[in-house]
Amino acid sequence: MNFDIKKIRKDFPALHQEIYGKPLVYLDNAATTLKPQVVIDSITNYYSTINSNVHRGVHYLSQQATEEFENTRKNIRKYINARNTHEIIFTKGTTESINLVANSFGKKFLSHGDEVIISELEHHANIVPWQMICEEKGAKLKVIPINDNGELILKKYKDLITDKTKIVSVSHISNTLGTVNPIKEIIDIAHQHDIPVMIDGAQGIVHEKIDVQELDCDFYCFSSHKFYGPMGVGVLYGKEKYLEEMPPYQTGGEMIKTVTFKKTTFNELPFKFETGTPNVADVIGFGSAINYIKKIGIENIIRYEKELLKHATEMLSGIQGLRIYGEAKKKAGVISFLLKDIHPYDAGIIIDKLSIAVRTGQHCAQPVMDRFDIPGTIRASFAFYNTKEEVDKLVQAILKVQEMFG
Amino acid sequence: MTIREIEKEITEEFSMFDDWMDKYNHLIEMGKSLPLIEKKYRTDQYLISGCQSRVWLSAEMEDGKVIFKADSDAVITKGIINLLIRILSNQTPDNILNAKMDFINQVGLKEHLSPTRSNGLTSMIKQMKLYAVVFKTKMAQ
Ligand SMILES: Cc1ncc(COP(=O)(O)O)c(C=O)c1O
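Note that the structure is a prediction, hence the values are computed from the model and not measured.

### Section: the interface of chain A and chain B
- The partner chain B presents 17 residues to the 15 residues of chain A that form the contact.
- Interface area, chain A with chain B, both sides summed: about 1,500 Å², of which 61% is carbon and sulfur.
- When residues of chain A are sorted by the area they lose upon contact with chain B, Tyr345, Lys353 and Met404 of chain A head the list and together hold 42% of the total.
- Here chain A is connected to chain B by 0 salt bridges.
- Linking chain A with chain B are 4 residue pairs in polar contact (both at pLDDT 80 or more).
- Only α13 (344-353), β16 (359-361) and α15 (388-405) of chain A provide two or more residues apiece to the side of chain A that touches chain B.
- A total of 6 residues in the side of chain A that touches chain B trace back to one element, the largest contributor, which is α13 of chain A.
- Among the residues forming the side of chain A that touches chain B, the class breakdown is 7 nonpolar, 4 polar and 4 charged.

Structure (structure tokens):
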């Protein structure tokens, strides 16, 4: 398929608005992406017609809701090439998916003196849940360090692994530095020691083609809202053998087989991990997002984004006094930078006034900021509906900032 | 000058700017000219929490009036602090507590008040009023 950027931009209504009287330039895609019209339509459509609970009623609309909901699960299974549909668990986002695994896996498999490995470039969502469960269990949290380019140091990773290591959890792509981590290698190394690996794919699913069987990861999770779908929905993929053994994370309706006051038996996968009424409308909306992405083709998206990132990197590198943080050989989606002698907050305010949405601050990754000894960065993050012209507008805005604070 | 008079002065000053760029340039200038806080105050003890940029604030009592000094690592934040200090420093605790700070709306800085704006204009004002309460209590003793 031809990659028709003009046509693609028409699919995203939020692109066509003015902020402070000028067209919006949206470069905060790592925080959340915009939604194509088909996604918005499918949510509206759900509430205007089907609007029924799933897995409960025999009535027509409830069955229809269940069918569409379960179709989305199948759709996602296929999209990431999981072996089984029941290995796809709906959550409310990446954060909840990681909490689920940290708690449930932790409860079952972690004991005093055990070890969990994460990395220095993780989002807080892939730090704190592990920290909490380790504290509870008396386990130790170990951290793979990064080098000055923002790449994981694999040699150090190998050294961290001991016979006490119970799980490794790292991100696929860093939301702060844009580093694409060598997850295949990380997984293979762990597997040589029979250690399962969880991948935080919040950014990974957006910029890479995911095949969980080929990767052989044991868990992979992501958020719908960073992948052109609605907010409030996430996915946890887990290998059946672990999910079967893990205890429920939360309890209530939907996930139950039989309940008496003496004993409750839990439903089978995936329902064991899906408590209460799920976010049906948004799950269905996420299904539409995936169909939309499939239509454009993730390969086309990756190719286009690569070119855009290259252009942006070249343009930004050309600005005097600008330093890019995160210069990994393999990068995607994100450029974090600072301007000499200008606080990122100051820059952010002016860039905002120029109708450009970027993010400033620590990006929920304080350890990364500490590693580089900086207060935060300005982060531009790209999606396939962004253009080189928009990158150039960012460059102009940066020059304006330098002029104002110079 | 009374708080009200200073607020009026600032509002007039800002009414000269008809676009945001001039307004921010003015804030930046004011930020640059903010008298720096002494080094001993640039410690965690004086740090106001809830700011994306760091803000240090100290207060002392002199002849029944509160003297504020502050600093930040971001210039626009410093500009805003400068305004606050112009208004609230060298005033009695009672006057500080009663100040309505209407000028914020009038000069179009309201966006800095929202809780998501992590420069924490709100936290700064709160902290300044807190100091006023403390000094007032001390004076009453
Ligand atoms: C790498 C990474 N992990 C986890 C998260 C958390 O995702 P969510 O807030 O959707 O749960 C994010 C979001 O910024 C992220 O970029």
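### What about the site of the ligand?
Residue and element names in this part refer to chain A.
- As a matter of local geometry, the ligand sits amid Thr94, Thr95, His123, Ala125, Asn175, Asp200, Ala202, Gln203, Ser223, His225 and Lys226.
- One nitrogen or oxygen atom from the side chain of Asp200 is found 2.5 Å from a nitrogen atom belonging to the ligand.
- Between an oxygen atom of the ligand and a side-chain N or O atom of Lys226, the distance comes to 2.6 Å.
- With the chains in place, 86% of the 390 Å² that the ligand exposes on its own is no longer accessible.
- For the shell around the ligand, the class distribution of residues is 2 nonpolar, 7 polar and 2 charged.

### Examining the domain arrangement of chain A
Residues and elements named next belong to chain A.
- According to the domain assignment, chain A consists of domain 1 (5-30 + 298-401) and domain 2 (40-294).
- Summarising the inter-unit geometry, the C-alpha centres of domain 1 and domain 2 are found 28 Å apart.
- Where domain 1 abuts domain 2, roughly 2,800 Å² becomes buried across the two surfaces, and 55% of that area is made up of carbon and sulfur atoms.
- When the area that domain 1 buries against domain 2 is broken down by residue, the three leading residues are Ile298, Cys364 and Arg371, summing to 21%.
- Where domain 1 packs against domain 2, one counts 3 salt bridges.
- Our count for the domain 1 to domain 2 interface comes out at 18 residue pairs in polar contact (both at pLDDT 80 or more).
- Going through the elements one at a time, α12 (298-317), β14 (334-339) and α14 (366-372) are the ones with two or more residues in the side of domain 1 that touches domain 2.
- Looking at the side of domain 1 that touches domain 2, the element that brings in the most residues is α14, giving 6 residues.

### Focus on the state of the cysteines
Residues and elements named next belong to chain A.
- Taken as a whole, this structure holds 0 disulfides over all chains when the rule is applied.
- Looking at the unpaired Cys217, the closest cysteine sulfur is the one in Cys221, lying at 9.8 Å.
- Classification of Cys217 by relative accessible area gives buried; the value is 0%.
- The thiol sulfur of Cys364 is not disulfide-bonded, and the nearest other cysteine sulfur, from Cys221, lies at 15 Å.

### Some remarks on a positive patch on the surface
All names here are of chain A.
- The grouping of Lys6, Lys7, Lys10 and Lys295 at the surface amounts to a positive patch.
- With 3 residues, the single largest contributor to the positive patch is helix α1 (residues 5-10).
- Assignment of secondary structure puts Lys295 in helix α11 (residues 280-296).
- Of the residues examined, Lys295 reaches a relative accessible area of 60% and is grouped as exposed.

### A short note on the packing of helix α2 (residues 37-50) of chain A against helix α3 (residues 60-80) of chain A
Residues and elements named next belong to chain A.
- Between α2 and α3, the least distance of the axes is 11 Å, while the angle of their chain directions is 160 degrees. Classified by the angle between their axes, α2 and α3 sit roughly antiparallel to one another. Residues Tyr46, Thr49 and Ile50 of α2 lie in contact with α3, whose contacting residues are Leu61, Gln64, Ala65 and Glu68.
- Here the residues of the contact of α2 with α3 sort into 4 nonpolar, 2 polar and 1 charged.

### Quick notes on the pattern of salt bridges
Residues and elements named next belong to chain A.
- A full pass over the atoms with the stated rule returns 26 salt bridges over all chains.
- Residue Asp216 is joined to Lys239 by a salt bridge in which the shortest nitrogen-to-oxygen separation is 3.0 Å. Within this pair, whereas Asp216 is found in the loop between α9 (212-215) and β9 (219-223), its partner Lys239 is found in the loop between β10 (234-238) and α10 (240-245), the two being separated by 23 residues in sequence.
- For Asp216, a relative accessible area of 30% puts it in the partly exposed group.
- Via salt bridges that share partners, Glu70, Arg73 and Glu274 belong to a single interconnected network.

What counts and what doesn't
Residues numbered from 1 in each chain as written. Chains lettered and ligands numbered in written order. Predicted model: local features only at pLDDT ≥ 70, side-chain atom pairs only at ≥ 80, totals over all residues. Heavy atoms only, no water. Contact = heavy atoms within 4.5 Å. Buried area = accessible area lost by both parts, 1.4 Å probe. Salt bridge = Lys/Arg side-chain N within 4 Å of Asp/Glu carboxyl O. Polar contact = N/O pair within 3.5 Å; in protein donor to acceptor, adjacent residues only side chain to side chain. Helix = DSSP H or I, 4+ residues; strand = E, 2+ residues; numbered from the N terminus. Nonpolar A, V, L, I, M, F, W, Y, C, P; charged D, E, K, R; others polar. Near = heavy atom within 4 Å. Areas by Shrake-Rupley, 256 points an atom, 1.4 Å probe, with all protein chains shown as cover. Domains from an automatic or database assignment. Disulfide = S-S within 2.5 Å. Buried < 20%, exposed > 50% of the residue type's maximum accessible area, 1.4 Å probe, protein only. Patch = residues over 30% accessible without salt bridge, like charges linked within 9 Å, V, L, I, M, F, W, Y side chains within 5 Å. Lys, Arg positive; Asp, Glu negative; His and termini not counted. Charge placed at Lys NZ, Arg CZ, Asp CG, Glu CD. Axes fitted to C-alpha atoms, helices over the stretch in contact; angles between N-to-C directions. Parallel < 35°, antiparallel > 145°, perpendicular 65-115°, else oblique.

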